[in-house]
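Below are the chains, spelled out letter by letter.
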Amino acid sequence: MTSASPVLPPPPGPADWDIAPVPADHPDATTVLRAYTDELISRYYDRPALEPEIDSFAGDVADLFEPRGLLLVARAGATPVGCTGLHWLDDGSAELTRVYVRSEARQGGGGARLVAAAEDTARGRGARRMLLNTRKDLTEAIALYTRLGYRPTERYGDDPYAELWLAKTLVAD
């Protein structure tokens, strides 16, 4: 007689994630920001990212501290699975940055939940418009942003890697 394997509950999906602001130097923030940076570098150079590259870019988080910005981290239980950052811009706009979901937690709407949390946070701080920039090779991100109502806008900022600029109205005039 064989015993049946125990039935385990499914891992927490995006609907069950806790998304909350955390200091950008918190260990959970560091975990997801390093994973984000690793993926961006690897895709850009079409090779595995090197540790010094990850250290350099993932450690550059000054823009994610108040009063310039903040970082939201998504957790599935105690495990950090994603993040998104916000920058406060002078004209009543906010900039969406560093939207990321770890590969093992993708599917099911996690990216959309993170963007919605960032939009709600920005609205709560008085932002009327959300801006973002991205690279053209990040096709999944572009598809997400388009699906969520982001549309092409004028170029802004000086990000040397930006190739596409998008905006969304958060609060109607």
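Described in the following lines is the structure provided in the data block. (Residues numbered from 1 in each chain as written. Predicted model: local features only at pLDDT ≥ 70, side-chain atom pairs only at ≥ 80, totals over all residues. Heavy atoms only, no water.)

Section: the overall build of the chain
Alright, step 1. When its secondary structure is counted, the chain shows four helices and seven strands.
Alright, step 2. Going residue by residue from the N terminus, the α and β elements of the chain occur as β-α-α-β-β-β-α-β-α-β-β.
Alright, step 3. Judged by the C-alpha coordinates and their principal axes, the chain covers about 70 × 40 × 30 Å.
Alright, step 4. Expressed as a percentage of its 173 residues, the buried residues of the chain come to 42%.
Alright, step 5. For the chain, long-range pairs separated by at least 24 residues make up 60% of all intrachain contacts whose partners lie at least 6 apart in sequence.
Alright, step 6. Counting only carbon and sulfur atoms, one obtains 55% of the accessible surface of the chain, whose full area is about 9,800 Å².
Alright, step 7. Charged side chains in the chain number 19 positive and 26 negative. The centres of these two groups are separated by 4 Å. (Helix = DSSP H or I, 4+ residues; strand = E, 2+ residues; numbered from the N terminus. Buried < 20%, exposed > 50% of the residue type's maximum accessible area, 1.4 Å probe, protein only. Contact = heavy atoms within 4.5 Å. Areas by Shrake-Rupley, 256 points an atom, 1.4 Å probe, with all protein chains shown as cover. Lys, Arg positive; Asp, Glu negative; His and termini not counted. Charge placed at Lys NZ, Arg CZ, Asp CG, Glu CD.)

Here we look at helix H2 (residues 51–58)
Alright, step 1. For H2, the full list of buried residues reads Glu-53, Ile-54 and Ala-58. What you see down the axis of H2 is that its buried residues fit within an arc of 110°, all on one side.
Alright, step 2. Lining the buried residues of H2 we find helix H1 (27–45). (Arc of directions from axis to C-beta.)

Observations concerning H1
Alright, step 1. With 19 residues, H1 ought to run about 27 Å at 1.5 Å a step, and its terminal C-alpha atoms sit 27 Å apart, in line with that.
Alright, step 2. Among all positions in H1, only Asp-28, Ala-29, Val-32, Leu-33, Tyr-36, Thr-37 and Ile-41 are buried.
Alright, step 3. Contact partners of the buried residues in H1: strand E1 (18–22), H2, strand E2 (69–76), strand E3 (79–88) and strand E4 (93–101).
Alright, step 4. Positive phi shows up at Asp-46, right after H1, with a value of about 55°. (Expected span 1.5 Å × (residues − 1).)

A look at the environment of Glu-53
Alright, step 1. Relative to the helices and strands, Glu-53 resides in helix H2.
Alright, step 2. Exposure remark for Glu-53: the relative accessible area of 18% places this residue in the buried category.
Alright, step 3. Residues Glu-53 and Ile-41, spaced 12 residues apart in sequence, show a C-alpha to C-alpha distance of 7.8 Å.
Alright, step 4. With residues up to four places along the chain from it excluded, the contact list for Glu-53 reads Thr-37, Ile-41, Tyr-45 and Arg-47.

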